[in-house]
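# Topology and contacts: notes
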Amino acid sequence: MAASFKELPRRIVQIRNRSARFGPRNPLGNSTFRTEVSAYRCCSGAAAGRSTHFGFESVPEGEKAERVYKVFESVAQKYDVMNDAMSLGIHRLWKDSLLRLMNPQPGLKLLDTAGGTGDISFRFLEYTRSVREGQLRHRARANQTPSWQEIAAGYGSEGEEPAESRAVVCDINKEMLKVGKERAETAGITTGLSWVVGDAEELPFNDDQFDVYTIAFGIRNVTHIEQALQEALRVLKPGGRFMCLEFSKVSNPLLSRLYDAYSFQMIPVLGEVIAGDWKSYQYLVESIRRFPDQETFKEMIEEAGFFRVQYVNLTGGVVAIHSGFKL
Amino acid sequence: MAALIRSLRAVRSLRGLGSAVVATTCPASLYGGLRRGFHRAALLASDSKSDQTVPPPSHHEHYQAQEPRQGSSTFSTEQASASDPGTQHEDPWPNTSYQDQSGEQAEDYETEDQLQARILTAALEFVPQHGWTVEAIAAGAETLGLSAASAGMFDNGAGDLVLHFVGQCNVQLTEILAEEHNQVQLGQAEKKKTADFLRHAVETRLRMLVPYIDTWPQAMSLLLLPHNIPESLKHLSTLVDDIWYYAGDRSTDMSWYTRRAALTGIYNTTELVMVQDSSPDFEETWVFLDNRIRDVVNMANTAKQVQATGEAVVQGLMGAAVTLKNITGVNQRR
């Protein structure tokens, strides 16, 4: 039984390779492919109790995590290059917007889930460090001519400096974390950063640990989004903030058509040319289409127990930042 | 320590009310409070302050539902989506959801806005240290047991803090004036003359700025930012209106506008003088205030005199003209 499980995904991958060479995928899939999947579902018995989407395919829930793992294992090395190529560098602006909306004060603890190569964490540390330096400079300037009261007060209390901020990068995929660690070393960020392997649906942390929880371009890969949201609620401190940066629905019909054309025609080609991996990037654009739209996702976040849930569209709805608070 | 005293006071007050259930949960909730701070802290805070010194910011906002705190403890969750998601005001986040506002039946639940008001009130004590900034709000949130990240709830950042403070001061002033009005009605105090009343009201209101006077210029500049001007003008106009109402103004003609315009001018200029005043207890400011009020009163009197004089002059001229016509015989009927 176990052996047959391993064979069947490979068979499906082969079938997909074959159909992919016939040009852009029909979003509804072709019939031969469907029968293969249903045959798979028939003979896999217990594990195929419920199925979920993997791009435009249906797969059993147990399978999705493994397949997502494989996708990111293969793209890890070229992940950052591909991001720049696919979004024409705009993903950096999106991530900067996320940080600006977060506006973190020094001393906060960030959990960067599905953080992979650590983009958000690096930006977070940079932001809080520059804010902290500003505060220290301001304090030093204010202390230039202290009044006698301030001098007297200064004798008692020590260590009133703003606290250090810390970021924890959590990802299910070791390859992505490895790439992230290398990037951290080249960037020279040594303190305040830790790398943890963990599943977003079952975080290896205690309750009430973090001030901010972010998940950037990761939540659509999670099998059970509600569980991930509940885990986020669990590990956040009271007053903590949940922020999600994710691809979303474009409302403008003209832009939507351009975007679809670009996604389905260009991106897998880029994936093949730059990273040598067509199907992973096919999965990427398909998973974007399967993710719920802004309002639906906002409702899901509210269901999980967050308050004051808001969202902002960036680039006309291509990307949306959702934010909620644990109160 | 302060929290312990608060809980003791709460327990004592609740014992008087005879609600044993709450009393037993009080000390336990103190330590679980940090985890369920949103709910339990509200319970402690609401019970130790019998008179609501935290003013509902919904005073001027029409879409809030203000439910009474004492109700049955039906477990109403605030997790149901809001029924009015489309409430728009000038926001960088145009798609906000406000949680169920009628879900305030249980004693230990409060709406988001009340929590925000509490955070801002707590943030005020950090203003002398951090100024009117998001850092002060973050520090205030931390005293309530919430993470500093919750300062991100305030889209307008420091502007929210300043507007909250101004609103709070205005409400306090209204309460003081109402109380004095009651005293006068009951005959326990004498009715002041208009000029004295205005002076007293403006001085009381400006004295509320004294703890924050060092950072007040920063607050004034925040109030003048274009996106804050509508709100700050609203606060100013309600302040001036309230003061004139309690001064006894019931006019329905042009003087309604002129009086309020005059008082607005007095208030703003006195505020500016106060900000750069370094005399002990701001004596020079009160002298300036006296002079301005006297000027306005004089202006009013002068205006009346000018009008009367003008009328007299015109009548005199008319009389001279008629006399001249009579002398020259133009008026003769032929």
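About the thresholds
- Residues numbered from 1 in each chain as written.
- Chains lettered and ligands numbered in written order.
- Predicted model: local features only at pLDDT ≥ 70, side-chain atom pairs only at ≥ 80, totals over all residues.
- Heavy atoms only, no water.
- Phe/Tyr/Trp six-rings, centres within 6.5 Å; stacked < 30°, edge-to-face > 60°.
- Helix = DSSP H or I, 4+ residues; strand = E, 2+ residues; numbered from the N terminus.
- Buried < 20%, exposed > 50% of the residue type's maximum accessible area, 1.4 Å probe, protein only.
- Contact = heavy atoms within 4.5 Å.
- Salt bridge = Lys/Arg side-chain N within 4 Å of Asp/Glu carboxyl O.
- Pairing = 2+ DSSP bridges.
- Patch = residues over 30% accessible without salt bridge, like charges linked within 9 Å, V, L, I, M, F, W, Y side chains within 5 Å.
- Areas by Shrake-Rupley, 256 points an atom, 1.4 Å probe, with all protein chains shown as cover.
- Lys, Arg positive; Asp, Glu negative; His and termini not counted.
- Charge placed at Lys NZ, Arg CZ, Asp CG, Glu CD.
- Right-handed = clockwise from strand over helix to strand, strands pointing away.
- pLDDT = per-residue confidence, 0-100.

## Digging into the packing of aromatic side chains
- Overall, the coordinates contain 18 aromatic pairs over all chains when judged by the stated rule.
- A centroid spacing of 5.9 Å and a plane angle of 90 degrees characterise the contact between Trp 94 of chain A and Phe 247 of chain A, whose relative ring orientation is edge-to-face. Remark: Phe 247 of chain A occurs in strand β7 (residues 236–247) and Trp 94 of chain A occurs in helix α5 (residues 90–102); sequence separation between them is 153 residues. Taken as a pair, Trp 94 of chain A and Phe 247 of chain A share a single burial class, namely buried.
- Connected via pairs of aromatic rings, a cluster forms that spans Trp 132, Phe 165, Tyr 212 and Trp 216 of chain B.

## Digging into the side chain of Arg 123 of chain A
- Relative to the helices and strands, Arg 123 of chain A is located in helix α6 (residues 119–142).
- Apart from residues no more than four positions distant in its own chain, Arg 123 of chain A is found in contact with Arg 92, Lys 95, Asp 96 and Leu 99 of chain A.

## Points about the pattern of salt bridges
- Scanning the model with the defined rule gives 27 salt bridges over all chains in all.
- As a salt-bridge pair, Asp 84 of chain A and Arg 92 of chain A come within 2.6 Å of each other at their nearest N and O atoms.
- Judged by its relative accessible area of 24%, Asp 84 of chain A is partly exposed.
- The class of Arg 92 of chain A is partly exposed, set by a relative accessible area of 41%.
- A salt bridge links Arg 199 of chain B to Glu 203 of chain B; the shortest N-O distance between them is 2.4 Å. Pair noted here: Arg 199 of chain B and Glu 203 of chain B are both in helix α8 (residues 194–207), with a separation of four residues, about one helical turn.
- Classification of Glu 203 of chain B as buried rests on a relative accessible area of 15%.

## Thoughts on the pairing of strand β8 (residues 307–314) of chain A
All names here are of chain A.
- Counting buried residues along β8, seven of its eight residues qualify, which places the element largely inside the surrounding structure.
- Where β8 and strand β9 (residues 319–325) come together, six bridges link them in antiparallel fashion. Counted as the bridge partner of Leu 314 is Val 319 from β9.
- Turn length for the β8-β9 hairpin, with the two strands adjacent in sequence and antiparallel, is four residues, and the turn residue Thr 315 shows positive phi of about 50 degrees.

## Let's talk about a negative patch on the surface
All names here are of chain A.
- Side chains of Glu 226, Glu 295, Glu 299 and Glu 303 sit close together on the surface and give a patch of like negative charge.
- The leading source of residues in the negative patch is helix α12 (residues 294–304), at three residues.
- Looking at where Glu 226 falls in the secondary structure, it is placed in helix α9 (residues 225–235).
- Relative accessible area serves as the criterion here: at 44%, Glu 226 is assigned to the partly exposed category.

## A closer look at the pairing of strand β5 (residues 193–197) of chain A
Residues and elements named next belong to chain A.
- Bridge count between strand β4 (residues 166–171) and β5: five bridges; the pairing is parallel. Each bridged residue has a counterpart across the sheet, and for Asp 171 the counterpart in β5 is Val 197.
- For the crossover from β4 across helix α8 (residues 174–187) to β5, the handedness is right-handed.

## Overview of a nonpolar patch on the surface
Residues and elements named next belong to chain A.
- The grouping of Leu 254, Leu 255 and Leu 258 at the surface amounts to a nonpolar patch, some 280 Å² of accessible area in total.
- Checked against the element boundaries, Leu 254 lands in helix α10 (residues 253–275).
- The class of Leu 254 is exposed, set by a relative accessible area of 53%.

## A closer look at the confidence of the model for chain A
- Per-residue pLDDT for chain A has a mean of 83; in total, 83% of the residues score no lower than 70.
- Ignoring residues within four places in sequence, the model shows residues 19–33 of chain A, a span with pLDDT below 50, making 14 contacts including any to other chains.

## Digging into unusual backbone geometry
Residue and element names in this part refer to chain A.
- Residue Leu 88 is not a glycine yet carries a positive backbone phi of 55 degrees.
- Of note in the backbone geometry, Arg 308 takes a positive phi value of approximately 50 degrees without being a glycine.
- Note on placement: Arg 308 falls in strand β8.
- We classify Arg 308 as buried; its relative accessible area is 5%.

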